[in-house]
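Geometric and topological summary
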Amino acid sequence: MTEKDPPPPTPGIAEDRPDPWQVCMTLTTPVSGSDVLHRNNVTLSGNPTGRPIVFVHGFGCSQEMWHAVTPHFEADHRVVLIDLVGAGGSDVTAYDPVKYDSLHGYADDILEIMAALDLRDAVYVGHSVAATIGVLAETTDASRFGALVLVAPSPRYIDDDEYRGGFERADIEGLLDALDANYFGWSQTMAPLIMGNAERPDLGRQLTDSFCTVDPEIARHFARVTFLSDNRRDLSAVRTRTLVLQCSDDVIAPATVGRYVHEQISTSRLVQLAATGHCPNLSAPDELTQAITEFIR
Amino acid sequence: MTIADEASVDREPDEPEEEGHDALQDADAFEELFEDAPCGYLETTPDGVITRVNRTFERWTGHAREALLGTNFIDLLNPSGQLFYETRFATVLSLAGEVREVALSVRCDDLRELPILVNAIKVREADGRPGGIRTVVFDATERQDYERQLLLARRDAEASETRVRVLQDASSAFGVATTARELADALVASASTALRASSAAVLLADGTGPLELIAGDVTALELFDAGLGALAEQAIGSGDIVTVADLDQAAAILPGLDDALHGRRLTALSIAPLRTDGRVSGVVVSLFARDRVFDTESRELQAALARQAGQVLGRVRLQEELAHHAMHDQLTGLANRKLLEERLDGAIAAAARSRRPVSVVFVDLDGFKAINDSLGHRVGDDVLIEVASRLRSVARAGDSVARYGGDEFVVVCEDAAPEAAANIAERFRQAVRRPLDSVPPRYSIAASIGVAVWDPTNGAEASTDLLLRIADEAMYGSKGAGRDRVTMTTIDDATNAAHTRLDQDQRPETRWEH
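Note that the coordinates shown come from a computational prediction; the quantities given were computed from them, not determined experimentally.

Reading the values: the criteria
Residues numbered from 1 in each chain as written. Chains lettered and ligands numbered in written order. Predicted model: local features only at pLDDT ≥ 70, side-chain atom pairs only at ≥ 80, totals over all residues. Helix = DSSP H or I, 4+ residues; strand = E, 2+ residues; numbered from the N terminus. Contact = placed C-beta atoms within 7 Å. Rg over C-alpha atoms; globule rule 2.2 N^0.38 Å. Buried ≥ 20, exposed ≤ 12 C-beta atoms within 10 Å, placed from the backbone. Expected span 1.5 Å × (residues − 1). Bend = angle between axes of the 7 residues up to and from the residue. Pairing = 2+ DSSP bridges. Right-handed = clockwise from strand over helix to strand, strands pointing away. Core = buried A, V, L, I, M, F, W, Y, C linked by C-beta atoms within 7 Å. pLDDT = per-residue confidence, 0-100. Axes fitted to C-alpha atoms, helices over the stretch in contact; angles between N-to-C directions.

To continue, consider the overall build of chain A. Scanning chain A for helices and strands turns up twelve helices and seven strands. The contacts in chain A between residues at least 6 apart in sequence include a share of 71% that link residues at least 24 apart.

Right, dumping it as structure tokens:
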């Protein structure tokens, strides 16, 4: 991104169609006072007395990917945005390759954040791998969950006998190649963030031109953990009301997988979105918002 | 300047349109420039459906224009490329409005994969609505081949460097281990690092005994009955590494093992046998929180670690054996004088800290010399072994029983006040008196016993030498008083003088010396 001319930050909720620059800057209020909140760059906005709603991004991005969705929830909800460790403005020094060698490591972080903020009856919205992370958090301790929204979930990406995840193991190895082949792109986007992050993370985030910054080394490991994990067994233990959102023509999480997730979670509802691709939070934020709102109304 | 401004400059709007023939020629030239540009060119809807494509892209991919139009760009990519496109490319493009030099691979009509470099830009309509995506594609076959070779070479180099480092680190950590426990700790650390395991554990068997957890995660023990024990036996029996790659495999090997693993957030494990002096003496268990593929490389690394550890274990066991020899009486297996003195040093220090009494019981055999002289040293040795075993069996669990000299034994009893010490000494006396298995009935032995009790609360100072000397003197007191009895002494004044008193309970065998 070489040319950009962000309008001056304006407080409050963005009107009809929020501009990405504007939203990123006005809503981001880094929370201090707690290691957990710092570690995951937890940012709060919206109505402090409203029902909490937590948005968690998937592999390859950061909390920025919710920019067009979250403003719609700010009037009625306490909106909680987080960066998984290794992504966005998270504390990359907190990355422990053993802890984060399974999605449970990330799920434990979610539970810690919910406890640190003392969230109750929370709506958890997880995109892609963060949907599975939410399932693991809920099945570990459901006490703070009021609703689960799984956006384009897949408990296992690799085909296995009858189960069609959509990919072969070799495809995942190929993704790691692709990550390596695009390594420079990643590290370039990282550079300003790292520089900015050291002393003033808030400044670093605003000054950088980059989006969805991800530490390349961590991204390689996270890719393995995301795409080589098998969490099918964990689905049936979910007890919280759950919304499974299935996109159209999603090669990452095909329709059969969405149906599988719905069948495994007895408390779930399956809703098919018209949105195409894997990221309705970017391609169809309004439709996604409507689906979530209807479910938690 | 905004993206929309930058991207929508197809033609300057305020430039006057040229007339007639020239304009047509220009249009042809522009069309040719578009169609046969030295790069592929595509336009798609915001969702990625191809709406325009140039001839170069058709030619490179072999896909006909009719097939390309209406197809989603992502469907042209190989599966890995699709993963990257959806999780990274599309996200950044959507947020930043642009991506540059992204390496992907397109599936051609003949199923060949064409490596490409892609620049893409998000276009906005004049009213600010998303207008679509313009994508330029470069053939990156040569560059990607070259980069791929570099990448593979780099990965190979990194892998072998990691391997060498792991083994070197392990080698130096193992090298400084002086006990099996220290070695096991080092092996747990190496195995965890080398395999990126959630945790690891080392289980060793002493001789033919059962496997015992020496170091690492107790989860290994918890899983023992659920199937890990059987798999460990299999590894030991076959001498090969045994692995469980995922929960389905675990269930197939042993029903229930999958649930036991899943309940502990584990999905995979591997067990490598530890071979010492040609014999398998234990296993190193690695536990994983995520499915694993145990390829040749990781198996070799495990095997190499286990081999190194096994060799060191042989050396450490030998050292431990030598250390044991140096500290123990070879005949009876009891602690020798050196170890006894060390333990008494420790007991006195502990007593001083805890303000609890410590007692030293000195046992000298009566009648042993006669057996040794008339029946020979071999029988004498048998008697000593028998006496040692009796003393050990009647001593309390924590007491240190030592062979002090030829037919002298010393027992250190921590936390033993005079009453308790007198009881223990009396048990020793009776144990020694019982008829011996190793000699004819007409031979019998007895014990002259002296006890020195030090109670730190009395204000007296004590030392190993002092306690041993006082207990020895008390033992001579018993001998002088007619043998087969116990003499109690206490060290209870600031001058360290020993006070021996007559036994209060008037037992003929036990007396307190004045």
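Structure shown, so let's carry the discussion forward.
This part takes up the overall build of chain B. Across its full length, chain B carries 17 helices and 17 strands. Compactness check: chain B gives a C-alpha radius of gyration of 42 Å against a globular reference of 24 Å for 514 residues, more than 25% above the reference. On the principal axes, the C-alpha backbone points of chain B span a range of 140 × 50 × 40 Å. In chain B, which comprises 514 residues, the proportion classed as buried is 40%.

Residue and element names in this part refer to chain A. Mapped onto the elements of the fold, D159 is located in the loop between strand 5 (145–151) and helix 5 (169–181). The partly exposed category is assigned to D159, around which 14 C-beta atoms lie within 10 Å. Residues D159 and R169, spaced ten residues apart in sequence, show a C-alpha to C-alpha distance of 8.3 Å. Setting aside anything within four residues of it in sequence, one finds D159 in contact with R164, G165, F167 and E168.

As a further point, take helix 5 (residues 79–96) of chain B. All names here are of chain B. The end-to-end C-alpha distance of helix 5 is 24 Å, a good match for the 26 Å that 18 residues give at a rise of 1.5 Å each. Helix geometry: helix 5 is bent most strongly at Y85, by close to 50 degrees. The buried fraction of helix 5 amounts to 18 of the 18 residues, a majority that puts the element mostly inside the structure. Phi turns positive, to about 85 degrees, at G97, one or two residues after helix 5.

As for its placement among the helices and strands, B:L257 is situated in helix 11 (residues 257–262). Discounting chain neighbours no more than four positions away, the residues touching B:L257 are B:A226, B:G227, B:A250 and B:A251.

This part is about the pairing of strand 15 (residues 485–491) of chain B. Residues and elements named next belong to chain B. Strand 15 sits mainly inside the fold: seven of its seven residues count as buried. Residues R485, T487, T489 and I491 line one face of strand 15 and the alternating positions V486, M488 and T490 line the opposite face, and both faces are buried. Alignment of strand 14 (residues 446–454) against strand 15, held across seven bridges, turns out to be parallel. By the bridge assignment, G450 is partnered in strand 15 with T487. The β-α-β motif built from strand 14, the intervening helix 17 (residues 464–480) and the parallel element strand 15 has left-handed crossover chirality.

One finds A:I133 and A:V149 to be the most contacted residues of the largest nonpolar core, which totals 111 residues. The leading source of residues in this core is helix 5 of chain B, at nine residues. Ranked by size, the runner-up nonpolar core spans 54 residues in total, among them B:I236, B:V244, B:A250 and B:F288.

Residue and element names in this part refer to chain A. Looking at chain A, pLDDT values average 83 and 79% of them are 70 or higher. Scored below 50 in pLDDT, residues 1–33 shows 55 contacts in the model against residues more than four places distant or in partner chains. Taken as a whole, residues 184–209 scores under 50 in pLDDT and shows 30 contacts with residues more than four places along the chain or in a different chain.

Residues and elements named next belong to chain A. Pairing is mixed in the open sheet, where seven strands are placed in the order 1-3-2-4-5-6-7. Each edge of the open sheet carries a strand with a single partner, namely strand 1 (43–46) and strand 7 (268–276). On average, each strand axis in the sheet is inclined to that of its neighbour by 20 degrees, with strand direction left out of account. Alignment of strand 5 against strand 6 (residues 242–248), held across four bridges, turns out to be parallel. Across the sheet, the residue bridging to L148 is T242, located in strand 6. With respect to the sheet, helix 10 (residues 255–264) is in contact with strand 5, strand 6 and strand 7, its orientation differing from that of strand 6 by roughly 170 degrees. Across the sheet, helix 12 (residues 285–296) touches strand 4 (122–127), strand 5, strand 6 and strand 7, and the angle it forms with strand 7 is around 165 degrees.

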